[in-house]
Amino acid sequence: MESQTQAPAQSAEFDVIVIGGGAVGENAADRAVQGGLSVVVVEAELVGGECSYWACIPSKVLLRSPQALRSAQAVPGAAEAVTGTLDVEAILDRRDSFTSGWKDDGQAKWLDGAGISLIRGQGRLTGPKQVTVTAEDGSQTQLTARHAVTLATGSAAAIAPIEGLAEARPWTSREATSAHAIPKSLAIIGGGVVAAEMASAYASLGAEVTVLARSGLLGGMEPFAGELVGKALEEQGVTLRLNTTPERVSRSAEGVRIEVSEGEAVLAQEVLAATGRSPRTGDLGLESVGLEPGTWIETDDTMQVPGFDWLYAVGDVTHRALLTHQGKYQARAAGDVIVARAKGAAVQDQPWGAHVATADHAAVPQVTFTEPEVASVGLTAAAAREAGYTIRVVDYELGDVAGTALKSQPHPGTARMVVDEDRKVILGMTFVGSEVSELLQAATIAVTAEVPLDRLWHAVPAFPTVNEVWLRLLETYGRPV
């Protein structure tokens, strides 16, 4: 195994080459190394990737302090002790500590300790099992994989084709999570998770925030999720302009002007484009192996690219589930199956087997860290009906649960259970409320394991906790006689 302290050779051979050193690529590499294979990770930016420096981690740091303050203000006795305001500088300093000042020394050290080699530079496919790495100084290293190449290059913010938007130098999620000053005003184009979370964060940190969305908030989730989050955002001072289409954007010395389909134009110091993601495959050399650059990469459930016995893809780049935890799940399956195939061992590729990412299809957990939080797993009611299931939908107000009332003053919140009426198992769960992310793992287990409702009656929630909502949902559904 090569040491990372050595200058990379002009050519080298490994069992596995992983292009992309984010959390997903790290997991794929680690599983392969633990299986006894030699692995090199190729990374053009920072080891640890988007999640560590510009997404999951810094965004949640920005959201946590305002959330903690609101939680204290919601409890009589504690609320009276809250006499100050948020220290924005301290929040940004804490964010910087979690990102290690955008330095990846610690992450690179972890790779070395795990026995994984690292080559810095832009990796491109140049043929079957062949990767060329171009360093910043222009030098190149030719890599050959004995068994597999795994693509883990992730996704980037997509700039919607709105006239003038790209030229107006908009923020993307990267700038929003790494900014070192809070703008006086921020316009956000989009209505998804990034838009909702950053609206909450920046409104809490003192910016005047306007959200411009062509439809509602949090589309694709249960409708009440966007409604409750939208109401809370307005209470935080955010201006919501839903069902509004931005038509033209321009920047001047005074800031950004956004002309919209209806109503007055929006003026702001900065504009955040939160309009989706695009695959980082434009400069990956896909054309050298017959694939189309700039497109998402299709895989089977072992994360192997159809038509190749050596090429795999994991994480956002597959467009299966654009979530770090789900990408890491795929990476574990891919790393293990590469080892199994390299050693001629049995491959467990049946649904829910050790070498497949079955959960991507119907058991994906997700949290939107707004206030209230939105935590969901599995299918929404609409998605379940579209998939052909016969369902029953059961809702329960979280504010009616004793544990919720004890934690804070009653506040709007809803839990929804989507039941497959033929098999009497849960297809999906959605919780909207304060800190409901802590309810999600139990729901994920119930959906993934297809636990029968009859058995769930025996999973007794402790009293008085918010988890008692599980019992209330079952009671609302009705116990079979």
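The rules behind the values
- Residues numbered from 1 in each chain as written.
- Predicted model: local features only at pLDDT ≥ 70, side-chain atom pairs only at ≥ 80, totals over all residues.
- Heavy atoms only, no water.
- 1 Å grid on protein atoms, 1.4 Å probe; cavity = no way out; pocket = protein on both sides within 12 Å on 5 of 7 lines; lining within 4 Å.
- Points joined across faces, edges and corners; volume = space filled by probe spheres on them.
- Helix = DSSP H or I, 4+ residues; strand = E, 2+ residues; numbered from the N terminus.
- Nonpolar A, V, L, I, M, F, W, Y, C, P; charged D, E, K, R; others polar.
- Pairing = 2+ DSSP bridges.
- Axes fitted to C-alpha atoms, helices over the stretch in contact; angles between N-to-C directions.
- Phe/Tyr/Trp six-rings, centres within 6.5 Å; stacked < 30°, edge-to-face > 60°.
- Lys NZ or Arg CZ within 6 Å of the ring centre and 35° of its normal.
- Buried < 20%, exposed > 50% of the residue type's maximum accessible area, 1.4 Å probe, protein only.
- Contact = heavy atoms within 4.5 Å.
- Right-handed = clockwise from strand over helix to strand, strands pointing away.

Asks: Please set out the layout of surface pockets residue by residue, giving values where relevant.
Replies: In this structure, the second largest pocket occupies an estimated 540 Å³ of space. Along the walls of the second largest pocket sit 23 residues, with Glu371, Pro372, His411, Pro412 and Ser434 positioned nearest its centre. Per-element accounting of the lining of the second largest pocket gives the leading share, 4 residues, to helix H8 (residues 223-235). Its residues assigned to classes, the lining of the second largest pocket shows 9 nonpolar, 8 polar and 6 charged.

Asks: How would you explain unusual backbone geometry if you had to name every residue and give the values?
Replies: Note the cis peptide between glutamate 371 and proline 372, where omega equals 10°. Mapped onto the secondary structure, proline 372 falls in the loop between strand E17 (365-368) and strand E18 (373-378). Here the residue pair phenylalanine 463 and proline 464 is connected by a cis peptide bond, since its omega of -5° sits within 30 degrees of zero. Relative to the elements of secondary structure, proline 464 occurs in the loop between helix H13 (453-456) and helix H14 (469-477). In this model, leucine 218 sits at a positive phi of 55°, which is unusual for a non-glycine residue. Relative to the elements of secondary structure, leucine 218 occurs in the loop between strand E9 (208-212) and H8.

Asks: Could you give an account of the sheet that holds strand E14 (residues 270-273), with specific residues and numbers?
Replies: The 4 strands lie next to each other as E10-E9-E8-E14, forming an open sheet whose pairing is parallel. In this open sheet, the two edge strands, each paired with only one partner strand, are strand E10 (239-241) and E14. Each strand of the sheet is rotated relative to its neighbour by a mean of 20°, with strand direction disregarded. Direction of pairing for strand E8 (residues 185-189) relative to E9: parallel, over a ladder of 5 bridges. Bridging from a neighbouring strand, isoleucine 189 pairs with leucine 212 of E9.

Asks: How would you sum up the packing of aromatic side chains? Please name residues and give values.
Replies: Counted according to the given criterion, the structure contains 4 aromatic pairs. The ring centre of tryptophan 54 lies 3.6 Å from the NZ or CZ of arginine 174, which sits over that ring.

Asks: Lay out the pairing of strand E20 (residues 414-420) with the relevant residues and their values.
Replies: In terms of burial, E20 is a largely internal element, 7 of the 7 residues being buried. Bridge analysis of strand E19 (residues 391-397) against E20 gives 7 bridges, and the strand direction is antiparallel. What sits directly across from glutamate 397, in E20, is threonine 414. For E20 and strand E21 (residues 425-433), the ladder comprises 7 bridges, and the chain directions are antiparallel.

Asks: Kindly report on the side chain of glutamine 326, identifying the contributing residues and their values.
Replies: Inspection of the secondary structure puts glutamine 326 in helix H9 (residues 324-342). Overall, the relative accessible area of 4% leaves glutamine 326 in the buried class. When residues no more than four places from it in sequence are discounted, the contact partners of glutamine 326 are Ala321, Ala359, Asp360, Val364 and Pro365.

Asks: So, the environment of alanine 108: which residues are in play, and what are the values?
Replies: Looking at where alanine 108 falls in the secondary structure, it is placed in helix H5 (residues 105-113). For the pair alanine 108 and leucine 118, spaced 10 residues apart in the sequence, the C-alpha separation amounts to 7.7 Å.

Asks: Explain the pairing of strand E2 (residues 39-43) to me, and be specific about the residues and the numbers.
Replies: Burial of E2 is extensive: 5 of the 5 residues sit out of reach of the surface. Neither face of E2 is exposed, since Val39, Val41 and Glu43 on one face and Val40 and Val42 on the opposite face are all buried. Two strands pair when backbone bridges link them, and strand E1 (residues 11-19) and E2 are joined in this way by 4 bridges, in the parallel orientation. Across the sheet, the residue bridging to isoleucine 19 is valine 42, located in E2. Tracing the backbone out of E1, into helix H1 (residues 23-34) and back to the parallel element E2 gives a crossover that is right-handed. The sheet contact formed by E2 and strand E3 (residues 117-120) spans 4 bridges and is parallel.

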